[in-house]
Amino acid sequence: MAMLHSKDTPVVSAEIFVIPLETDRYIVYAPLRRAAFVANSRVVNFLADLQEGVFDESADPDNSLVEFLRQLKILDAGSETLPITSFSGNPEPTSATLFLTTACNLRCTYCYASAGDTPTKVMNVEIAKRGIDFIAANALKRKEDSISITYHGGGEPTVNWRVMTESLDYARQKAAELGLKVQAFTGSNGVLTDAQIDWITSNLNGATISFDGLPEAHDRNRPTVLGQSSSERVMHTIRRFDEAGFRYGLRVTVTLEQIPSLPAAIEFICSNFHPSKIQAEPAYQIGRWEHAPSADTEEFITAFRAAQERAHAHGHELYFSAARLGTLTNHFCGITKDSFALSPDGNVSACYEVFSEDNTWAKTFFYGQPDSQTRGYRFNLPVLNNLRNQAVQHREYCQGCFAKWTCAGDCYHKSLTVNGPGEFAGSDRCHIIRELTKDQILAKISESGGVFWSAP
Ligand code: SF4
Ligand code: SF4
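Presented here is an overview of the structure given in this document. Since the structure is predicted, the reported quantities are computational estimates derived from the model, not experimental observations.

**Some thoughts on the sheet that holds strand β9 (residues 206-210)**
Link 1 in the chain: With respect to topology, 11 strands assemble into an open sheet ordered β12-β11-β10-β9-β8-β7-β6-β13-β14-β15-β16, the strand pairing being mixed. Pairing within the sheet leaves two strands with one partner each, and these edge strands are β12 (318-319) and β16 (377-379).
Link 2 in the chain: Looking at chain direction, β9 and strand β10 (residues 248-254) are connected through four bridges and run parallel. Note that in β10 the partner of Ser210 across the bridge is Arg251.

See the structure below:
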């Protein structure tokens with residue numbers, strides 16, 4: 001056997017992961033080359049040798065394997081660019097999320113915010129205006145041409161309707177004076193009046209509506225504050241969004257009990273509505289659902305796969321937040337890149353689920369407060385730097401995971417809830433993320449002719 005270990009030895013030039021399928025079948029995946037193929041153990045061993053600098057020419061007598069790997073930039077293609085962006089110093093956001101209120105018109109069984117069980121907090125318009133002034137000034141400073149505002153929960157943002165509408169009017173006026181554009185979005189439970197629907201479709205650029213698909217499942221878990229069903233109201237809203245050609249996504253929350261009906265829920269949605277995106281996530285075991293059984297199960301994966309097939313048959317995409325092959329990043333969400341969200345009291349949080357100063361992980365996620373001397377904010381850099389340090393390149397546990405540059409470490413808030421503040425040690429979600437990401441890799445290979453996938 002001719003073994004070479006010399007200047008002629010091909011050099012592995014990609015981070016490679018080997019993902020076992022069934023007996024003697026593996027996916028060889030190079031995430032940063034956006035390339036993958038299915039291989040047997042001979043090829044996997046050949047690559048492992050090359051990684052050690054050992055070239056077994058007899059395993060590739062006609063050089064075709066080496067040529068193939070060169071074509072995929074796995075060999076001899078120079079170093080890879082890591083998809084890492086990092087942040088330092090005081091943040092200069094040009095986007096703001098406004099947690100308008102902790103009040104809600106629904107009483108969802110699985111509410112992460114336990115909305116309605118805690119004293120209500122409501123943002124006043126001055127707090128919103130200060131945040132808008134801050135991001136507009138940053139946009140000018142950074143020579144960007146737009147600002148973005150998202151109205152989000154902790155409760156139902158539309159319940160604080162006056163501040164929602166007045167603050168957007170203010171943002172528009174301010175932006176016009178400064179020559180900026182405004183983008184605006186909301187996450188809502190969809191229980192809205194017709195006047196609110198009219199305003200949203202005329203004034204916002206998009207919305208995410210929580211809708212669990214089958215009306216009976218939705219009504220079991222998402223009753224109104226008076227204990228009535230809410231599905232009719234939500235379906236009315238999304239029908240009207242469709243009529244207006246308004247862009248919206250739907251978020252389906254799946255409890256353990258509802259896992260078997262996920263495919264039917266997606267079928268129902270795709271047969272009746274036209275969302276631009278549909279997301280399905282297991283219900284989080286926090287807030288009112290803290291003591292409920294986990295839905296992060298093997299059954300969820302099976303149901304998700306079946307639901308995805310239904311979605312595809314209708315030309316829709318069903319997605320799970322952390323399985324996203326198309327995205328190469330070191331950030332799962334905004335908490336590692338200076339996300340700027342204002343609580344009803346006007347303080348700065350990085351996390352959508354930490355919307356109030358009395359939340360369990362408030363000390364970890366609240367990193368700023370209004371500056372009494374100026375119209376701006378004072379930032380607590382040690383807290384912010386700890387958040388920035390949660391980007392995936394700093395997560396020891398994630399380093400050997402093939403999903404690391406697409407999942408990017410998953411939700412830090414969930415990891416704190418599961419693991420506590422210590423070193424991240426994985427969660428049941430990791431298995432879901434890897435299985436669904438593996439599906440996406442196999443789908444890419446299959447769409448590309450069944451032999452290999454190599455994105456241009
Ligand atoms: S840490 Fe988790 S809950 Fe918080 S913003 Fe990120 S994804 Fe959302
Ligand atoms: S180990 Fe888990 S959290 Fe980390 S990248 Fe992989 S799937 Fe995501």
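Picking up where we left off.
**Considerations on the site of ligand 1**
Link 1 in the chain: Around ligand 1 sit Phe332, Cys333, Ile335, Cys351, Tyr352, Glu353, Cys411, Tyr412 and His413, and that is every residue in its neighbourhood.
Link 2 in the chain: Across the shell around ligand 1, the residue classes tally to seven nonpolar, one polar and one charged.

**Quick look at the state of the cysteines**
Link 1 in the chain: Under the criterion given, the structure shown has zero disulfides.
Link 2 in the chain: Free cysteine: Cys104, not disulfide-bonded; nearest cysteine sulfur from Cys108 at 6.1 Å.
Link 3 in the chain: Cys104 sits in the buried class, given a relative accessible area of 17%.

**Here's the deal with the pattern of salt bridges**
Link 1 in the chain: Under the defined criterion, the tally for this structure stands at 24 salt bridges.
Link 2 in the chain: Among the salt bridges present, the one from Asp345 reaches Lys121, with a minimum N-O distance of 3.5 Å. Of this pair, Asp345 sits in the loop between β13 (341-342) and β14 (348-349) while Lys121 is found in the loop between β6 (95-99) and α3 (125-141), placing the two residues 224 residues apart along the sequence.
Link 3 in the chain: Accessibility expressed as a relative area gives 18% for Lys121, which makes it buried.
Link 4 in the chain: Here Lys129 ties to Glu126 by a salt bridge, and the two come within 3.8 Å at their closest N and O atoms.

**Considerations on the site of ligand 2**
Link 1 in the chain: Taken together, Tyr397, Cys398, Cys401, Lys404, Cys407, Gly409, Asp410, Phe424, Cys430, Ile433 and Arg434 make up the full set of residues adjacent to ligand 2.
Link 2 in the chain: The cavity where ligand 2 resides is the largest cavity.
Link 3 in the chain: Elements with a minimum of two residues in the shell around ligand 2: α12 (404-407) and α14 (428-447).
Link 4 in the chain: The residue inventory of the shell around ligand 2, partitioned by class, reads seven nonpolar, one polar and three charged.

**Description of empty space enclosed by the protein**
Rolled over the atoms, a probe with the dimensions of a water molecule shows which regions are left empty.
Link 1 in the chain: Evaluation of the coordinates by the stated rule reveals three cavities of 30 Å³ or more.
Link 2 in the chain: Here the largest cavity is characterised by a volume of approximately 90 Å³.
Link 3 in the chain: Considering the residues around the largest cavity, the lining is formed by Tyr397, Cys398, Cys401, Ala403, Lys404, Cys407, Gly409, Asp410, Phe424, Cys430, Ile433 and Arg434.
Link 4 in the chain: In terms of residue count, the dominant contributor to the lining of the largest cavity is α14 (three residues).
Link 5 in the chain: Along the lines of polarity and charge, the residues of the lining of the largest cavity split into eight nonpolar, one polar and three charged.
Link 6 in the chain: Around the second largest cavity, the lining residues are Asp212, Leu214, Ala217, Val252, Thr253, Val254, Gln258, Ser261, Leu262 and Ala265.
Link 7 in the chain: In terms of residue count, the dominant contributor to the lining of the second largest cavity is β10 (three residues).
Link 8 in the chain: Looking at the lining of the second largest cavity, its residues break down into six nonpolar, three polar and one charged.

Thresholds, definitions, all that
- Residues numbered from 1 in each chain as written.
- Chains lettered and ligands numbered in written order.
- Predicted model: local features only at pLDDT ≥ 70, side-chain atom pairs only at ≥ 80, totals over all residues.
- Heavy atoms only, no water.
- Pairing = 2+ DSSP bridges.
- Helix = DSSP H or I, 4+ residues; strand = E, 2+ residues; numbered from the N terminus.
- Near = heavy atom within 4 Å.
- Nonpolar A, V, L, I, M, F, W, Y, C, P; charged D, E, K, R; others polar.
- Disulfide = S-S within 2.5 Å.
- Buried < 20%, exposed > 50% of the residue type's maximum accessible area, 1.4 Å probe, protein only.
- Salt bridge = Lys/Arg side-chain N within 4 Å of Asp/Glu carboxyl O.
- 1 Å grid on protein atoms, 1.4 Å probe; cavity = no way out; pocket = protein on both sides within 12 Å on 5 of 7 lines; lining within 4 Å.
- Sits in = over half its atoms within 2 Å of the grid points.
- Points joined across faces, edges and corners; volume = space filled by probe spheres on them.

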